[in-house]
Amino acid sequence: MIFGRRKHRKADDADEVEQAAESDVVEDAQAVAAGDGADESEPIDDDESLDDDEASDSEASEPDEWEQLDESRDWRADGPFDTSEVDLDADDVQRLDFDSLVLTPFEGMNMQLQVNQETQDVQALLISQGQSVLELSLFAAPSDRSMLPRVRQDMIANVESAGGSATLAEGPFGTEIRRVVPITAENGQHGYHVSRTWFAQGPRWLLRGVLMGEAGMSEGTGGPAEVLYEFFANTVVRRGDKPMVPGDPIAMALPDAMRAQLDGQAGAPQGQQ
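The rules behind the values
Residues numbered from 1 in each chain as written. Predicted model: local features only at pLDDT ≥ 70, side-chain atom pairs only at ≥ 80, totals over all residues. Heavy atoms only, no water. Pairing = 2+ DSSP bridges. Helix = DSSP H or I, 4+ residues; strand = E, 2+ residues; numbered from the N terminus. Core = buried A, V, L, I, M, F, W, Y, C linked by side-chain atoms within 4.5 Å. Buried < 20%, exposed > 50% of the residue type's maximum accessible area, 1.4 Å probe, protein only. Contact = heavy atoms within 4.5 Å. Axes fitted to C-alpha atoms, helices over the stretch in contact; angles between N-to-C directions. Salt bridge = Lys/Arg side-chain N within 4 Å of Asp/Glu carboxyl O. Phe/Tyr/Trp six-rings, centres within 6.5 Å; stacked < 30°, edge-to-face > 60°.

Undergrad: Now, about the pairing of strand S7 (residues 165–171): what can you tell me, with residues and values included?
TA: Strand direction decides the pairing type here: S7 and strand S8 (residues 174–184), joined by seven bridges, are antiparallel. Paired with Glu-170 across the strands is Thr-175, a residue of S8. Following S7, the chain reverses through two residues before pairing antiparallel with S8.

Below is the structure:
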């Protein structure tokens, strides 16, 4: 772990890792700009317009075992962090600054972007290693309460309406959601999409990480999930002061070097990109 809190898995050559990560992002950004594989990150539903009866019932109800688990300790003691909790200039680790998220790349990391086609904002990042993928997205959250119980309820309802199943378990960042959803491939073959979802709520933000592939089918933080677990914990959030509705996605911005490289390639004469 960075910031002196836990041993961090570092690449032998941090500059080389950063350059490789930048190259991957630029290539994927071009594909997204062309309309290939661009998916919008879904907003998290956190309806604040409860009527008085619903609000009273919510306040009076006892927390269930999963709420008690989330409140039993500081699950962010070792990350993810808010930018106010760390000193990013205290070491020489090469990081990727996406404005609202500051990431520490690792050796062998690949990255893709999910872009909102209407606004062209970066809504989510797909971080992969081998046969494992982590989808990283950030949302606005209330300052005075946890939005996790409501988010879990909505996710479980959506999974069940799709004919799948969802279970809750203790994960490295509190309550973890494990989902199995039936899918049909383009060739008509039926299968299942298996994933694990981590949440970390900080000062007016909620970071979501969805593990897929081998990591999504694993247990704990070892094996195929180990590097992605470290990556998620190393994430630093820069929320900003802009007022936002809880549950709305917080957009990210490409680092200047990546944007300049992308703009340069887009403006090059055909055949020279």
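Undergrad: Could you give an account of the nonpolar core, with specific residues and numbers?
TA: With 35 residues, the main nonpolar core has Phe-98, Leu-125, Ile-127 and Leu-136 as its most contacted residues. When residues of this core are assigned to their parent elements, the largest contribution, six residues, is made by helix H5 (residues 226–234). Once you skip the residues sitting within four places of it in the chain, Ile-127 turns out to touch Phe-106, Met-109, Asn-110, Met-111, Ser-132, Val-133, Leu-134, Leu-228 and Phe-231.

Undergrad: Tell me about the sheet that holds strand S6 (residues 132–140), residues and numbers included.
TA: An order of S4-S5-S6-S10-S9-S8-S7 is seen for the seven strands of this open sheet, with the pairing classed as antiparallel. Single-partner strands in this sheet number two, and they are strand S4 (110–115) and S7. Strand-to-strand twist across the sheet, computed as the mean angle between neighbouring axes with direction ignored, equals 25°. Where S8 lies against strand S9 (residues 190–202), eight bridges are found, and the strand directions are antiparallel. Residue pairing for S9: Thr-184 is matched across the bridge by His-190. Of the strands in this sheet, S7, S8, S9 and strand S10 (205–213) touch helix H4 (residues 148–161), which is tilted by about 20° from S8.

Undergrad: Go over the pairing of S4, please, and point to the residues and values.
TA: As paired strands, S4 and strand S5 (residues 122–129) are joined by six bridges and run antiparallel to one another. Across the sheet, residue Val-115 finds its bridge partner in S5, namely Val-122. Adjacent in sequence and paired antiparallel, S4 and S5 are bridged by six residues, among which Gln-120 carries a positive phi angle near 65°.

Undergrad: Please give an account of the sheet that holds strand S3 (residues 101–103) that cites residues and values.
TA: With mixed pairing, four strands are arranged side by side in an open sheet as S1-S11-S3-S2. This sheet does not close on itself; its edge strands, each paired only once, are strand S1 (81–82) and strand S2 (96–97). Pairing of S3 with strand S11 (residues 236–237), which is carried by two bridges, proceeds in the antiparallel orientation. When the sheet's bridge partners are listed, Leu-101 is paired in S11 with Val-237.

Undergrad: Quick one: what's the story with unusual backbone geometry, residue by residue and with numbers?
TA: Here the amide bond leading from Gly-79 into Pro-80 is cis, since omega sits at 0°, within 30 degrees of zero. Its location among the elements puts Pro-80 in the loop between helix H3 (65–71) and S1. For Asp-99, which is not glycine, the phi torsion reads 70° and is therefore positive. Structurally, Asp-99 can be placed in the loop between S2 and S3. Residue classification places Asp-99 among the partly exposed positions, given a relative accessible area of 44%.

Undergrad: An account of the pattern of salt bridges is requested, with residue identities and associated values reported.
TA: On inspection of all chains with the given rule, the structure shows nine salt bridges. A salt bridge links Asp-97 to Arg-238; the nearest nitrogen and oxygen atoms lie 3.0 Å apart. A residue pair is termed long-range when its members are at least 10 positions apart, and Asp-97 in strand S2 and Arg-238 in the loop between S11 and helix H6 (256–267) qualify at 141 residues. Taking the relative accessible area as the measure of exposure, Asp-97 reaches 35% and is therefore partly exposed. Of the charged contacts, one joins Glu-135 and Arg-208 as a salt bridge, the two residues approaching to 4.0 Å between their closest N and O atoms. Linking Glu-135 in strand S6 with Arg-208 in strand S10, this pair joins segments that are 73 residues apart in sequence.

Undergrad: Lay out the side chain of Ser-195 in plain terms, naming residues and giving numbers.
TA: Its place among the elements puts Ser-195 in strand S9. Residue Ser-195 is classed as buried on the basis of its relative accessible area, which comes to 1%. In contact with Ser-195, other than residues within four places in its own chain, are Ile-177, Arg-178, Arg-179, Val-210, Leu-211, Met-212 and Gly-216.

Undergrad: Describe the packing of aromatic side chains, naming the residues involved and giving the relevant values.
TA: Under the definition given, this model contains six aromatic pairs. Between Phe-106 and Phe-231, the ring centres sit 5.7 Å apart and the planes meet at 80°, which makes this aromatic pair edge-to-face. Taken together, the residues Phe-106 in the loop between S3 and S4 and Phe-231 in helix H5 connect sequence positions 125 residues apart. When its relative accessible area of 7% is taken as the criterion, Phe-106 is described as buried. Look at Trp-198 and Phe-232: their rings are 5.7 Å apart centre to centre, the planes differ by 55°, and that puts the pair in the tilted class. Within this pair, whereas Trp-198 is found in strand S9, its partner Phe-232 is found in helix H5, the two being separated by 34 residues in sequence.

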